[in-house]
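Architecture at a glance
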Amino acid sequence: MKEIHFREIDSTNTYLKENYASVSDLTIVSADYQSSGKGRNQRVWDSKPGENLLFSLLIKDSDYFPLYKAISIVSAYSVMKTLNEYGIEDTMIKWPNDIYVRGQKICGILLESVSRNEIECLIIGIGINVNQQAFGTDYIHPPVSMRNILNKETDMNEFKVTCFSNLLSDLEKLKDGYDYYPEISRYDYLRGQKVFHEGKEYTVEGINEDYTLKLSHDGQERNVEAGEISFHS
Ligand code: BTN
């Protein structure tokens, strides 16, 4: 594993999207601050300088490409286990790949791919709220940090090393055929909640084995992909 670190950059995901051709497989790009941090669904990912862990992992090994959906949620599960090692309890995975602690978001993941005629690489962008204490108020899902929960600072370098090594070994295990589904489905935050899909309210039945989400409405079931549900009509 190789790490490229920036004090400031627009976005670690954008950096890899633009430079993947000259960067080696499994390189991690991290930054103290992102001036244009990106979230899922065209949202902004804000983070105070130096207070949180912001990084992107480049995957060029094509064996991973068909595992796209699994990579997204296994990355969340891997970070969740690292948070547990650091004493953060009651963690849940909010499909497709957020980590929540008692209703508050502590980690977000943005998985992107670069394709020409076929997929060239995957970029797993991860933002974990580590030492930031105060967050703005204009969030749909209120954030929380390790600092808020543990009431103490976390050593960023040590946390980062643990996080990277857990993530790389969990992804390798996935590539080798390990089935994370039974573990992951135990931490399904959305199960039983109401969501909207194509203007209709559904109940979430849970995460399927192929990591799509099963919804139901009046006894009818549907499976949806990431990006196809919302929490407001
Ligand atoms: C989300 O929950 O909407 C996903 C947030 C992903 C944020 C991370 S921070 C590092 C990487 N670079 C980005 O611009 N975004 C991801």
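Residues numbered from 1 in each chain as written. Predicted model: local features only at pLDDT ≥ 70, side-chain atom pairs only at ≥ 80, totals over all residues. Heavy atoms only, no water.

A few points about the packing of aromatic side chains
To keep things clear, this is the line we draw: Two aromatic rings, drawn from Phe, Tyr or Trp (for Trp, its six-membered ring), form a pair once their centres lie within 6.5 Å of each other, and the interplanar angle then sorts them: stacked below 30 degrees, edge-to-face above 60, tilted otherwise. Over a ring means this: the NZ of a Lys or the CZ of an Arg is within 6 Å of the ring centre and within 35 degrees of the ring normal.
For the coordinates displayed, the defined rule picks out 8 aromatic pairs. Ring pairs connect the aromatic residues Tyr 77, Tyr 178, Tyr 180 and Tyr 187, which therefore count as one cluster. Lying over the aromatic face of Tyr 178, Lys 173 brings its terminal NZ or CZ to 4.1 Å of the ring centre.

Quick word on the nonpolar core
Put simply, the test is: What we call a nonpolar core is a set of buried Ala, Val, Leu, Ile, Met, Phe, Trp, Tyr and Cys residues that are connected through their side-chain atoms within 4.5 Å. To sort residues, take the accessible area from a 1.4 Å probe on protein chains only and compare it with the maximum for the residue type: under 20% means buried, over 50% means exposed, and anything in between is partly exposed. Only DSSP runs of H or I covering at least 4 residues are called helices, and only runs of E covering at least 2 are called strands; the numbering of each starts at the N terminus. The domain boundaries here were taken from an automatic or database domain assignment.
Core analysis: the biggest nonpolar cluster contains 54 residues, and Ile 128 and Leu 171 have the highest contact counts within it. In terms of residues, this core owes the most to one element, helix α2 (residues 68-85), which gives 9 residues. Taken domain by domain, this core gets at least three of its residues from each of domain 1 (2-186) and domain 2 (190-224). Core analysis: the next-biggest nonpolar cluster, separate from the first, contains 9 residues, Ile 4, Leu 16, Cys 121 and Ile 123 among them.

Remarks on the sheet that holds strand β10 (residues 213-217)
Here is the rule: Any two strands with at least two DSSP bridges between them are considered paired. Angular values range over 0 to 180 degrees, each being the angle between N-to-C directions of two axes fitted as lines to C-alpha atoms, with helices fitted over their stretch in contact.
Taken together, the 4 strands give an open sheet; going across it, the order is β8-β9-β10-β11, and neighbouring strands pair in antiparallel fashion. The open sheet terminates on both sides in strands that have one partner only, identified here as β8 (194-197) and β11 (220-224). The average undirected angle you get between the axes of adjacent strands in this sheet is 45°. Bridge count for strand β9 (residues 200-207) against β10 is 4 bridges, and the pairing is antiparallel. Paired with Gly 206 across the two strands is Lys 214, which belongs to β10.

Details of the site of the ligand
We count it as follows: Here a residue counts as near a molecule or strand whenever at least one of its heavy atoms sits within 4 Å of it. Within 3.5 Å is the distance limit for a polar contact, defined as a pair of N or O atoms, with the added protein rule that one can donate a hydrogen and the other accept it, and that residues adjacent in sequence qualify only through two side-chain atoms. Areas reported here follow the Shrake-Rupley algorithm with a probe of radius 1.4 Å; residue values treat only the protein chains shown as occluding.
Around the ligand, the surrounding shell holds 20 residues, and the nearest of these are Ser 11, Gln 34, Lys 38, Arg 40 and Lys 105. Between the ligand and Arg 40 there is a distance of 2.6 Å, counted from an oxygen atom to a backbone nitrogen or oxygen. Protein chains shield 99% of the accessible area of the ligand, which is 420 Å² for the free molecule. Going through the elements one at a time, α1 (12-19), β3 (53-59), β6 (104-115) and β7 (119-128) are the ones with two or more residues in the shell around the ligand.

Remarks on the domain arrangement of the protein
The condition that has to hold: Once two parts are joined, some of their accessible surface, as seen by a 1.4 Å probe, is lost; buried area is that loss totalled over both. Any carboxyl oxygen of Asp or Glu within 4 Å of a side-chain nitrogen of Lys or Arg constitutes a salt bridge here. All amino acids are sorted into three groups, where Ala, Val, Leu, Ile, Met, Phe, Trp, Tyr, Cys and Pro are nonpolar, Asp, Glu, Lys and Arg are charged, and the leftover types, Gly among them, are polar.
For the protein, the assigned domains are domain 1 (2-186) and domain 2 (190-224). Summing both sides of the interface, domain 1 and domain 2 together bury roughly 1,000 Å²; the carbon and sulfur share of this comes to 66%. Among the residues domain 1 hides against domain 2, the three largest losses belong to Lys 69, Trp 95 and Tyr 181. Together they make up 64% of the total. Linking domain 1 with domain 2 are 0 salt bridges. Applying the counting criterion to the domain 1 and domain 2 interface returns 4 residue pairs in polar contact (both at pLDDT 80 or more). Elements with a minimum of two residues in the side of domain 1 that touches domain 2: α2 and α5 (181-184). By residue class, the composition of the side of domain 1 that touches domain 2 is 6 nonpolar, 1 polar and 3 charged.

Quick notes on the pairing of β11
Both β10 and β11 contribute to a ladder of 5 bridges, which runs antiparallel. Paired with Ser 216 across the bridge in β11 is Glu 221. If you look at the hairpin formed by β10 and β11, you'll find 2 residues sitting between the two strands, and Asp 218 has a positive phi there, around 50°.

With respect to the pattern of salt bridges
Between side chains of opposite charge, a pair can form when the charged atoms approach closely. Under the defined criterion, the tally for this structure stands at 11 salt bridges. Between Lys 160 and Glu 3 there is a salt bridge, and its shortest N-O distance comes to 2.6 Å. Of this pair, Lys 160 sits in helix α4 (residues 156-175) while Glu 3 sits in strand β1 (residues 2-9); the two residues are 157 residues apart in sequence, bridging distant segments of the chain. Residues Glu 225 and Lys 69 are paired through a salt bridge, measuring 3.4 Å at the closest nitrogen-oxygen approach. Of the two residues, Glu 225 sits in the segment after β11 while Lys 69 sits in helix α2, which places them 156 residues apart along the sequence. Owing to a relative accessible area of 36%, Glu 225 belongs among the partly exposed residues under this scheme. Take Lys 69: its relative accessible area is 32%, and that puts it in the partly exposed class. A single network of salt bridges, built from pairs that share partners, joins Lys 17, Lys 38 and Glu 112.

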